[in-house]
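# Descriptive structure summary
Letter by letter, the chains look like this.
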Amino acid sequence: MTRRTLAQFIPALATLMAAETQPTRDLVKQNLSLLGLEFKDEQLDMMLPSLTRALANYASLRKIEIPSDTDPAISFSPMISGMTLPTGKAIFKPTKVKKLAIWKNIEDLAYWPATHLGALIRSKRISSTDLTKMYLERLKKHSPTLLCTITLTEELALEQAKQADADLKRGKYHGPLHGLPYGAKDLFAVKGYKTTWGAEPYKDQSFDHTATVIERLTAAGAVLCAKLSMGSLAMGGVWFGGDTKTPWNIEKTSSGSSAGSASATAAGLVAFSLGTETLGSIVTPATRCGVTGLRPTFGRVPRTGVMALSWTMDKIGPICRTVEDCMLVLRVIDGPDGKDMSARYPAPVHWDAAAPVNKLKIGVLRDNFARINDEGRKKHYDDALAALAKTGMQLVDTKLPEFPAGDLLLMLNAEAGAAFDDVTRNGEVEKLTSQKANDWPNSFRSSRLTPAVEYIRAARARTLLMREFHKYLAGFDVLVSPTGSQSLTITNLTGQPQIVVPCGFPKNEALGLLFTGHLFEEGKLSRVAKAYQDATEWHLKRPPGF
């Protein structure tokens, strides 16, 4: 269909969708043509009464006010027939920090991993209040450059830090995150503070409740210092305050949509952060900013109190300095809350930091690495694979099964269009800064042309992909690839977890090594990634100027 023909049909569709307009044979015929369908005239005439009733139903449904975090009465499960959940008591054996580095100035601690900061607080060598004040000052100093903070939660942070110190003084220790300052992407509701979703129509939005994961971190003694920037409505790095930058090159975006979470963590402005991912929003900014990002299994972490973009693809995960830090955070935020219908899997989080890896079989997506043309980048990836081989793991070349996974993303666009249907119809979506063809406003409008039948067909094809990928992955413990791999798209559809770690900084451009694991096996996945970090020092690098 030509652009001119499409331009003729879209007004016809808009006319048909207006509830006060009676559908005619010609209007229906034009819209069906747009979808590649053709019916006989007598069949079209028979459809008209049904379409008239349907349009009235649409108008009635639009009058119902639906809170943004309300799941549809259908839910996605990454489990396939015959699968069983891991059982038993969670195994949690973190690294015992035996010796802490000497520090003179409190800012020396800005880049310490959470494991070491937690040990420092537990031993009372520093207070949570002092550590929190240091991070708050760094947020104030560097956020204007990086554009990584939307709201500083200073009053709340100092109150929580004071409570953490008081609890520790009377012998009440809440665990490894006790007293640690962190930041959260600004789509997590926090009572008493704005939750802007990075978008102009929601700049002054606030909720009377707090997201489940924030409540869990509070109970674990963590200290919320900032609501961090995110691309408008979870796309890219651009929000109503500008374009969030990576501290490794402030001329470039940190990407998105967990832009501020990755940027602030990389620049030492928080001890760790929370992000979300639907299609790369943890993995991509973590790569750009040279930090570690974990996207857990779909359904492991409840999304209650969090902006919805795609009910069948949204996932919450940590962005940290190290792999082990990510597992400390996952342990706290994991598990059903009885509210999110998709978070219904009480699977234990197993973590043994010293578990052997020498018998594990790692599938190397060799063709992904072969597509890298730049010699500098190629050398870093060659070195990364060599470092993995030295750990004793068995590296086996492999290739992803062929499947048109990208075609299934019409489900994401349709769900996003439904999530932001109200602002699309009332025109407020036009207030968003980004209005290009690939931005949300155009996607939301275009998604109105996605037939329900095609959405369901894509969902059925998704089941085939899940079965095929599950069967393929059974041949390996973990996959490894560069972050540009199609495994990112596939696993965001199938639900398997991924973790990305830095593996080089050629010309101040961070590179990421991406690991893919089995459903609910974040522990094994992260153990492989930690083995790589133990053999290298890229995760210890600091961006110049911060």
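Since we're looking at a predicted model, the values are computed, not measured.

### Comments concerning the overall build of the chain
- Counting its regular elements, the chain contains 18 helices and 17 strands.
- Taking 2.2 N^0.38 as the reference for a compact globule, 546 residues should give roughly 24 Å; the C-alpha atoms of the chain span a radius of gyration of 24 Å, in line with that estimate.
- Over its C-alpha atoms, taken along the principal directions, the chain stretches across nearly 85 × 50 × 45 Å.
- Split into buried and exposed, the 546 residues of the chain put 55% on the buried side.
- Pairs at least 24 apart in sequence give 76% of the contacts found in the chain among residues at least 6 apart.
- For the chain, the computed accessible surface area is about 23900 Å², with 53% contributed by carbon and sulfur atoms.
- Taking the 67 positively charged and 55 negatively charged side chains of the chain as two groups, their mean positions are separated by 5 Å.

### Description of the nonpolar core
- Phe188, Ile214, Leu233, Phe272, Leu513 and Phe515 are the most contacted members of the largest nonpolar core, which totals 123 residues.
- The element that contributes the greatest number of residues to this core is helix H10 (residues 323–333), accounting for 7 residues.
- Those residues in contact with Leu233 that sit more than four places away from it in its chain are Trp197, Ala199, Tyr202, Met307, Leu309, Phe420, Leu432, Trp440 and Phe444.
- Among the nonpolar cores identified, the runner-up in size contains 11 residues, and Ala262, Ala266, Ala286 and Ile319 belong to it.

### Focus on a nonpolar patch on the surface
- On the surface, a nonpolar cluster with roughly 400 Å² of combined accessible area is contributed by Tyr58, Leu61, Ile64 and Ile66.
- Relative to the helices and strands, Ile66 is located in the loop between helix H3 (41–61) and strand S1 (92–93).
- Ile66 sits in the exposed class, given a relative accessible area of 52%.

### Digging into the environment of Ile456
- Inspection of the secondary structure puts Ile456 in helix H16 (residues 452–473).
- Sequence separation of Ile456 and Tyr193 is 263 residues, and the distance between their C-alpha atoms is 38 Å.

### With respect to the packing of helix H2 (residues 25–34) against H3
- Running from N to C, H2 and H3 cross one another at 100 degrees; their axes reach a closest spacing of 9 Å. Classified by the angle between their axes, H2 and H3 sit roughly perpendicular to one another. Where H2 abuts H3, its residues Arg25, Val28, Lys29 and Leu32 lie against Asp41, Leu44, Asp45, Met47, Leu48 and Leu51.

### Describing the pattern of salt bridges
- Taken as a whole and judged by the stated rule, the model has 27 salt bridges.
- Among the salt bridges present, the one from Glu522 reaches Arg300, with a minimum N-O distance of 2.9 Å. Of this pair, Glu522 sits in helix H18 (residues 522–535) while Arg300 sits in the loop between strand S10 (292–295) and strand S11 (315–320), and the two are 222 residues apart along the sequence. Arg300 carries the same exposure label as Glu522, and that label is buried.
- The shortest N-O distance in the salt bridge between Glu521 and Lys524 comes to 3.7 Å.

### Some remarks on the sheet that holds strand S16 (residues 498–504)
- Taken together, the 11 strands give an open sheet; going across it, the order is S2-S4-S3-S9-S11-S10-S16-S17-S15-S13-S14, and neighbouring strands pair in mixed fashion. Both edges of this open sheet fall to strand S2 (149–152) and strand S14 (394–398), since each of them pairs with a single strand only. Averaged over neighbouring strand pairs, the angle between their axes works out to 25 degrees when direction is ignored.
- Across 3 bridges, S10 lies against S16 in antiparallel orientation. Across the sheet, residue Gly293 finds its bridge partner in S16, namely Val500.

### Remarks on the confidence of the model for the chain
- Across the chain, the average pLDDT comes to 93, with 96% of residues at 70 or higher.
- Throughout residues 1–15 the model reports pLDDT below 50, and contacts reaching past four residues in sequence, or to other chains, amount to 16 contacts.

### Overview of helix H17 (residues 487–494)
- Burial runs high along H17: 8 of the 8 residues are buried.
- Those residues of H17 that fall on the buried side of the exposure criterion are Ser487, Leu488, Thr489, Ile490, Thr491, Asn492, Leu493 and Thr494.

What counts, and at which threshold
- Residues numbered from 1 in each chain as written.
- Predicted model: local features only at pLDDT ≥ 70, side-chain atom pairs only at ≥ 80, totals over all residues.
- Heavy atoms only, no water.
- Helix = DSSP H or I, 4+ residues; strand = E, 2+ residues; numbered from the N terminus.
- Rg over C-alpha atoms; globule rule 2.2 N^0.38 Å.
- Buried < 20%, exposed > 50% of the residue type's maximum accessible area, 1.4 Å probe, protein only.
- Contact = heavy atoms within 4.5 Å.
- Areas by Shrake-Rupley, 256 points an atom, 1.4 Å probe, with all protein chains shown as cover.
- Lys, Arg positive; Asp, Glu negative; His and termini not counted.
- Charge placed at Lys NZ, Arg CZ, Asp CG, Glu CD.
- Core = buried A, V, L, I, M, F, W, Y, C linked by side-chain atoms within 4.5 Å.
- Patch = residues over 30% accessible without salt bridge, like charges linked within 9 Å, V, L, I, M, F, W, Y side chains within 5 Å.
- Salt bridge = Lys/Arg side-chain N within 4 Å of Asp/Glu carboxyl O.
- Axes fitted to C-alpha atoms, helices over the stretch in contact; angles between N-to-C directions.
- Parallel < 35°, antiparallel > 145°, perpendicular 65-115°, else oblique.
- Pairing = 2+ DSSP bridges.
- pLDDT = per-residue confidence, 0-100.

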